[in-house]
Amino acid sequence: MRSRWRAALFSSLLAALCGAAAAGSERAPAALPEAAPPDTAAATALPEAVTPDTAAARDDRGPPVGRVVWEGLVRLDPGRVQAGSRLRTGVPLSDTLLDLEIARLDSLCVAAGLFAAEAAVDTVRRANALDVRVVVFEGDPARIGALTLTGSDLFERDEVLARLEVSAGAVFDPFALKRSMLSLLAELNNAGFPFAQVWITGLDFRPETGSVDLAFAVYGGEQTTVAEVTFEGLAGTDTTLARRISRLRKGRPYEERAMRRSVGYLISSGLFAEVRPARVERVGPGAVDIRIPVREFERRNSIQGVLGFSRREGGDYSTGGSVELDFVNVGGTGRAVSFRWLDDGERYRTTRARYGEPFFLRLPVGLSVEFRQDVFDTLYDFTLGGVDLTVAAGPSVSLSAGFTWDGTVPRVDEELLRSVRRRFRAGCSIRAGAAAVSARIEGARKTNYRSGAPDDAEFQFLYRLEGSVLVPALDGQAFFARAVAEGVVTPREVPPSETYPLGGARSLRGYRENQFRGREIAWVNLEYRFGGESRLFVFDDIGAFRGTADGWTVRNGFGFGLRSASKLGTVEMSFGVGERFALEQTRIHVALIENF
């Protein structure tokens, strides 16, 4: 194939170049001539004064290329052929350039199954440059001729050829053949043959018939089982926990698919900073070890404090803040403990605690228990307790279901009834690279009490939707977006204890912590970041909330911030402006995150 390209292209192109060089500037500009057919182009002789040896000995820089014209491209994509071409205006024409272009065209034609393709090249001098016309004679696509198979000890010949999707007389498609070979290899690997091989051992093009004879070799090797699963780089995490997360088991048949999925499970667990591709090592007849290199987080636990400054309507300044304490992978067991406390600087305080067990009763089911208490000045106390079960449906997909009990107890206001809600919920979360989506829906039965006795009951529907994405932009920059919506749907009025807070460093910057409340809320955080972990960022937050009878109220907060990260901790400071663009309306949020 390559020799035919070289004969067709090299001979005509070198002859045309030598002829143009002999004519010099005396040759007037003219239209590109008709290309000679392949045989004629290949037969064009070099001038006597120039031989291939002497031409190769000359300076490898020739006259610059002027206009380049491609013709005859029907089955080949003209855009792809021209986009990857080295024949460009202004590039010096040389033997090396032509050799590279021939090799590229050769690869494109072989990939398209055009084994009989040839080309002709003509040049015309225009002023100080050479116009080049390349005419490609594609010919008909090659068809599959004789088929030979060796080494197959797992399948019958016809079955292997059917899996490779090849048959005598069919059009030869190299890309389709590659896909089918990889598919057969993956099938063998998943069937317990990690050392299987699928090769093309022969490929012979017959110009007289336009067919390609193919020879394949398929070797399954020995069927294996997993003797051991080891993790290279473990420091604090227990090996048994890592093995459970990976879903790999000793003594089971080896599966390529399971090994690849194990890496995804380890990454999604959040316990490892890096997980590299697994390796398979043969340790004996029919036995392999799977080794997975990992790198754990040096300091995974954290304590975070957020401090907010804002000015009240009366002119005084108020201070609000929150504290978040997270213990991850306690004792290397994967257990998690978290604590949250928040004070909005006005009348609202909340305390939350959560405990998580990654494998409840040694089953592939995660268990989490939550407790929460809200105090709204002298109006009410809100208490919540809940249990959730989570199952990993895949490396990047998890499903959850749970039960929550919450109750509201009024403090002074007799118009607020004591109430109890029993909530059943289900959720799903999906992560794909730097994008994540989660959804949770709940059905609640609420019972109101008056004078200690049940008064009436109602049904509610609750929801929470969240999505985020990080998109790399220019060098060292990125765009981040996060959207959240949650609320309660019921035909009745929703008491303050069951509304949702909005505002502050985690939702709507430019406003104080939990400045607004609504039965339904939504917000979008938009950030453009300059840098990585340590960065400068500008943001625009858009939030909305609504009550029982009122429509939606929209608020916007924008500003800029700084984040400085180190191995010991992170400091983040943001300056946000809300309703009015004024210095006195600026809200300052300071977050201190200490890793240990």
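Keep in mind the model is a prediction, meaning the values are calculated, not measured.

Conventions used here
- Residues numbered from 1 in each chain as written.
- Predicted model: local features only at pLDDT ≥ 70, side-chain atom pairs only at ≥ 80, totals over all residues.
- Heavy atoms only, no water.
- Helix = DSSP H or I, 4+ residues; strand = E, 2+ residues; numbered from the N terminus.
- Buried < 20%, exposed > 50% of the residue type's maximum accessible area, 1.4 Å probe, protein only.
- Areas by Shrake-Rupley, 256 points an atom, 1.4 Å probe, with all protein chains shown as cover.
- Arc of directions from axis to C-beta.
- Contact = heavy atoms within 4.5 Å.
- Core = buried A, V, L, I, M, F, W, Y, C linked by side-chain atoms within 4.5 Å.
- Pairing = 2+ DSSP bridges.
- Axes fitted to C-alpha atoms, helices over the stretch in contact; angles between N-to-C directions.
- Nonpolar A, V, L, I, M, F, W, Y, C, P; charged D, E, K, R; others polar.
- Patch = residues over 30% accessible without salt bridge, like charges linked within 9 Å, V, L, I, M, F, W, Y side chains within 5 Å.
- Salt bridge = Lys/Arg side-chain N within 4 Å of Asp/Glu carboxyl O.
- Phe/Tyr/Trp six-rings, centres within 6.5 Å; stacked < 30°, edge-to-face > 60°.
- Lys NZ or Arg CZ within 6 Å of the ring centre and 35° of its normal.
- Parallel < 35°, antiparallel > 145°, perpendicular 65-115°, else oblique.
- pLDDT = per-residue confidence, 0-100.

Caption draft 1: Fine view of the overall build of the protein chain. Looking only at helices and strands, the protein chain has 9 helices and 28 strands in total. Relative to its full complement of 596 residues, the protein chain shows a buried share of 41%. Carbon and sulfur atoms provide 56% of the accessible area of the protein chain, an area that totals close to 30,600 Å².

Caption draft 2: Expanded view of helix α6 (residues 157-164). Buried within α6 we find Val 160, Leu 161 and Leu 164. The buried residues of α6 all sit within an arc of 95° when viewed along its axis, so they share a single face. What points out from α6, more than 90 degrees from its buried face, is the exposed set Asp 158 and Ala 162. On its buried face, α6 is in contact with β4 (143-150), α7 (174-190) and β6 (211-219). Among the residues trailing α6, Glu 165 stands out with phi positive, at a value near 60°.

Caption draft 3: Structural detail: helix α8 (residues 239-246). Among all positions of α8, only Leu 241, Ala 242, Arg 243, Ile 245 and Ser 246 are buried. Downstream of α8 by one or two residues, Arg 247 has phi in the positive range, about 70°.

Caption draft 4: Structural context of the nonpolar core. Membership of the largest hydrophobic core comes to 23 residues, with the highest contact counts inside it found for Val 166, Leu 184, Leu 188, Leu 214 and Phe 216. Those elements that place two or more of their residues in this core are β4, α6, α7, β5 (197-206) and β6. If near-sequence neighbours (up to four positions away) are discounted, Leu 214 is found in contact with Ile 144, Ala 146, Leu 147, Thr 148, Phe 172, Leu 177, Gly 202 and Leu 203. Counting residues in hydrophobic clusters, the runner-up holds 21 residues, among them Leu 241, Met 259, Val 263 and Leu 271.

Caption draft 5: Quick look at the sheet that holds β5. Taking strand neighbours across the sheet as the criterion, the 3 strands line up as β4-β6-β5 in an open arrangement whose pairing is mixed. Edge positions in the open sheet fall to β4 and β5, since each of these has one partner strand only. The mean inter-strand angle of the sheet, taken between neighbouring strand axes irrespective of direction, is 20°. One ladder, built from 6 bridges, connects β4 with β6; its direction is parallel. When the bridges of β6 are listed, Thr 150 appears paired with Ala 217. The strands that α6 touches are β4 and β6; relative to β4, the one it contacts most, it runs at about 130°. Against the sheet, α7 engages β5 and β6, with an angle of about 155° to β5.

Caption draft 6: View of the packing of α8 against helix α9 (residues 256-268). Where α8 meets α9, the closest approach of the two axes is 8 Å, and the angle between their N-to-C directions is 115°. Of α9, the residues touching α8 (which contributes Ala 242, Ile 245 and Ser 246) are Ser 262, Tyr 265 and Leu 266. Partitioned by chemical class, the residues of the contact of α8 with α9 number 4 nonpolar, 2 polar and no charged.

Caption draft 7: Structural view of a nonpolar patch on the surface. A contiguous nonpolar patch, built from Ile 303, Val 323, Phe 327, Val 330, Val 337, Phe 339, Trp 341, Tyr 355, Val 369, Val 387 and Phe 596 and spanning about 820 Å² of accessible area, is present on the exposed surface. The set of elements that each furnish at least two residues to the nonpolar patch consists of β12 (317-330) and β13 (335-343). Tracing the backbone through its elements, the reader meets Val 369 in strand β15 (residues 366-376).

Caption draft 8: Representation of the pattern of salt bridges within the structure. Inspection of every chain in the model, using the stated rule, returns 42 salt bridges. For the salt bridge of Arg 206 with Asp 204, the shortest nitrogen-to-oxygen distance reads 3.9 Å. Given a relative accessible area of 39%, Asp 204 falls into the partly exposed group. The partner of Glu 498 in a salt bridge is Lys 446, and the shortest N-O contact between them spans 2.9 Å. Here the residue Glu 498 occupies a position in the loop between β21 (477-489) and β22 (500-502), and Lys 446 occupies one in strand β19 (residues 435-450), the gap between them amounting to 52 residues. Lys 446 shares its class with Glu 498; the two are buried. Salt bridges here are not isolated pairs; linked through shared partners, they connect Asp 388, Asp 406, Arg 421, Arg 423, Arg 425, Arg 440, Glu 442, Lys 446 and Glu 498.

Caption draft 9: Representation of the packing of aromatic side chains. Across all of its chains, the model carries 10 aromatic pairs by this definition. Centre to centre, the rings of Phe 516 and Phe 545 are 5.0 Å apart; their planes meet at 15°, and the pair counts as stacked. Of this pair, Phe 516 sits in strand β23 (residues 516-518) while Phe 545 sits in strand β25 (residues 535-546), placing them 29 residues apart in sequence. For Phe 545, a relative accessible area of 13% puts it in the buried group. Here the aromatic residues Phe 115, Phe 172 and Phe 205 are joined through ring pairs into a cluster of three or more. The aromatic ring of Tyr 449 is capped on one face by Arg 418, whose charged end is 4.4 Å from the ring centroid. The ring centre of Phe 480 lies 4.5 Å from the NZ or CZ of Arg 529, which sits over that ring.

Caption draft 10: Just the environment of Gly 192, in detail. Relative to the elements of secondary structure, Gly 192 occurs in the loop between α7 and β5. Apart from residues no more than four positions distant in its own chain, Gly 192 is found in contact with Glu 222, Gln 223, Thr 224 and Tyr 254.

Caption draft 11: Structural detail: the sheet that holds strand β1 (residues 65-71). Read across the sheet, 3 strands follow the order β1-β3-β2 without closing on themselves; strand pairing throughout is mixed. This sheet does not close on itself; its edge strands, each paired only once, are β1 and β2 (118-126). In this sheet, adjacent strand axes meet at a mean angle of 15° when their direction is disregarded. Pairing geometry for β1 and strand β3 (residues 129-137), over 5 bridges, is parallel.

Caption draft 12: Summary view of the packing of α6 against α7. Between α6 and α7, whose axes approach to 8 Å, the crossing angle comes to 120°. One element, α6, and the other, α7, form an angle in the oblique class. Contacts from Val 160, Arg 163 and Leu 164 of α6 reach α7 at Leu 177, Ser 180, Met 181, Leu 184 and Glu 187. Considered class by class, the residues forming the contact of α6 with α7 number 5 nonpolar, 1 polar and 2 charged.

Caption draft 13: Here's a closer look at unusual backbone geometry. Not every positive phi belongs to a glycine, and Leu 361 is a case in point at roughly 55°. Position of Leu 361 relative to the elements: it lies in the loop between β14 (348-357) and β15. Given a relative accessible area of 63%, Leu 361 falls into the exposed group.

Caption draft 14: Here's a closer look at the confidence of the model for the protein chain. The predicted model of the protein chain averages 82 in pLDDT, with 85% of residues at 70 or higher. For the protein chain, the element scoring lowest by mean pLDDT is helix α1 (residues 2-23), at 34; β21 scores highest, at 96. This model gives residues 1-59 a pLDDT under 50, and the stretch forms 95 contacts once residues within four places in sequence are excluded.

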